[in-house]
Amino acid sequence: MTQKIALITGASRGLGAGLAEALCQSHHIVAVARTTGALEELDDRIQAAGGQATLAPMDITNPDAMAQLCRSIYDRWGKVDLWAHTAIHAAPLSPAPFIDAKDWDKSVSINVTATGRLITYVAPLLGEAGTALFFEDSRGGEKFFGAYGASKSAQIDLARSWAAETATTGPKVHVLAPKPLATANRARFFPGEDRDPLAAPQDEAKRLLADLGLT
């Protein structure tokens, strides 16, 4: 089995979709997201570029679904060469005392709990030779970013712990800092912002991968 496998969680749009498209000529893409239609559109673009993808329309907070997906990856390919985790819940901006309980629970469930669980599931597939990518967005401690900032910071701190633990053994775990991106999530945080200076997710994906020597 010589084909490289890239697992992208949160692949339907934004940076996740950009990474899938940037990697599709060198990797078979396993694209995970909740939105089936957006995954199908991604698959069309990957096929047009000469690549192949396996679509997995799943909720990463469902532990049984994620366990089954990882088992299926093992049964079919036996490994994952690259895991890029871009799935995120961007809760609405709110003063800390007024954070909606459902938004808080969803932020913790997706950004923290699911990430921790996925690390335990995907690490055996990565082995010592694989690479895992996480993406920083430093909003922790900023006003009105309480739910998003706190849960995203927890996610990245967990990734950094894993990176420190595997520095000499593998897999390689990287925490990357993308440029501000022209995504729907950012538009919700900053309505009315001039989007011209923002990076296109596809371009930023190529830059980040090139910096790591992965494309």
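Scroll up for the structure.
> Can you walk me through the overall build of the protein in this structure?
Helix and strand content of the protein: seven helices and six strands. Helices (α) and strands (β) of the protein occur, in sequence order from the N terminus, as β-α-β-α-β-α-β-α-β-α-β-α-α. The C-alpha radius of gyration of the protein comes to 17 Å, within 12% of the 17 Å expected for a compact globule of 215 residues. Projected onto the principal axes, the alpha-carbon positions of the protein cover approximately 55 × 35 × 30 Å. Expressed as a percentage of the 215 residues in the protein, the buried residues total 43%. Partitioning the intrachain contacts of the protein with sequence separation of at least 6 by distance along the chain shows that 68% fall at a separation of at least 24. Entry remark: accessible area of the protein is about 10500 Å², with carbon and sulfur atoms responsible for 51%. Measuring between centres, the 21 positive side-chain charges of the protein sit 1 Å from its 24 negative side-chain charges.

> Is there a simple way to explain unusual backbone geometry in this structure?
Leave glycine aside and you will find that most residues have negative phi; peptide bonds, for their part, are mostly trans. Here Gly170 and Pro171 are connected by a cis peptide whose omega angle stands at 0°. Here Pro171 is to be found in the loop between helix 5 (146–165) and strand 6 (172–176). The residue Phe144 is not glycine, and still its phi comes out positive at about 75°. Position of Phe144 among the secondary structure elements: in the loop between strand 5 (131–135) and helix 5. Using a relative accessible area of 43% as the deciding quantity, one classes Phe144 as partly exposed.

> Is there a simple way to think about the pairing of strand 3 (residues 53–57) in this case?
Sheet faces and side chains relate simply in a regular strand, where the side chains alternate between the two faces. Bridge analysis of strand 2 (residues 28–33) against strand 3 gives five bridges, and the strand direction is parallel. Across the sheet, the residue bridging to Ala31 is Leu55, located in strand 3. Where the polypeptide runs from strand 2 across helix 2 (residues 36–48) and back to strand 3, its parallel neighbour, the crossover connection is right-handed.

> I'm lost on the pairing of strand 2 in this one. Help?
Burial analysis of strand 2 places six of its six residues in the buried class, which makes it a mostly covered element. Taking every second residue as pointing to the same face, both faces of strand 2 are buried, with His28, Val30 and Val32 on one and Ile29, Ala31 and Ala33 on the other. As paired elements, strand 1 (residues 5–9) and strand 2 share five bridges and run parallel to each other. Across the sheet, Ala6 pairs through a bridge with Ile29, a residue of strand 2. Considered for its hand, the β-α-β crossover made up of strand 1, helix 1 (residues 14–23) and strand 2 is right-handed.

> Before we go on, may I ask you to explain the side chain of Ser107 in this structure?
Along the chain, Ser107 falls in helix 4 (residues 101–126). Classification of Ser107 by relative accessible area gives buried; the value is 0%. In this structure, Ser107 is in contact with His89, Ala91, Val112, Ala147 and Ser151, ignoring residues within four places of it in sequence.

Procedures and definitions
- Note that residues are indexed from 1 along each chain, following the sequence as it is written.
- Where local features are concerned, this predicted model is filtered to residues with pLDDT of at least 70; where side-chain atom pairs are given and counted, the filter is 80 or more; whole-chain, interface and lining totals use all residues.
- Side-chain measures were taken over the full set of non-hydrogen atoms in the model, leaving aside hydrogen atoms and water.
- A helix here means a DSSP run of H or I that spans at least four residues, while a strand means a run of E at least two residues long, and both kinds are numbered starting from the N terminus.
- C-alpha atoms define the radius of gyration in this analysis, and the globule rule sets the expected value at 2.2 Å times the number of residues to the power 0.38.
- Note on exposure labels: buried denotes an accessible area under 20% of the residue type's maximum, exposed denotes more than 50%, and partly exposed covers the range between, all computed with a 1.4 Å probe on protein chains only.
- Residue contacts are counted whenever heavy atoms from the two residues lie within 4.5 Å of one another.
- All accessible-area figures derive from a Shrake-Rupley calculation using a 1.4 Å probe, and residue coverage is judged against the displayed protein chains alone.
- His is not counted here, nor are the chain ends, while Lys and Arg score as positive and Asp and Glu score as negative.
- Just so you know, the charge point we use is NZ for Lys, CZ for Arg, CG for Asp and CD for Glu.
- When DSSP finds at least two bridges between two strands, those strands are taken to pair.
- Look down the strands so they point away from you; if going from the first strand over the helix to the second traces a clockwise path, that crossover is right-handed.

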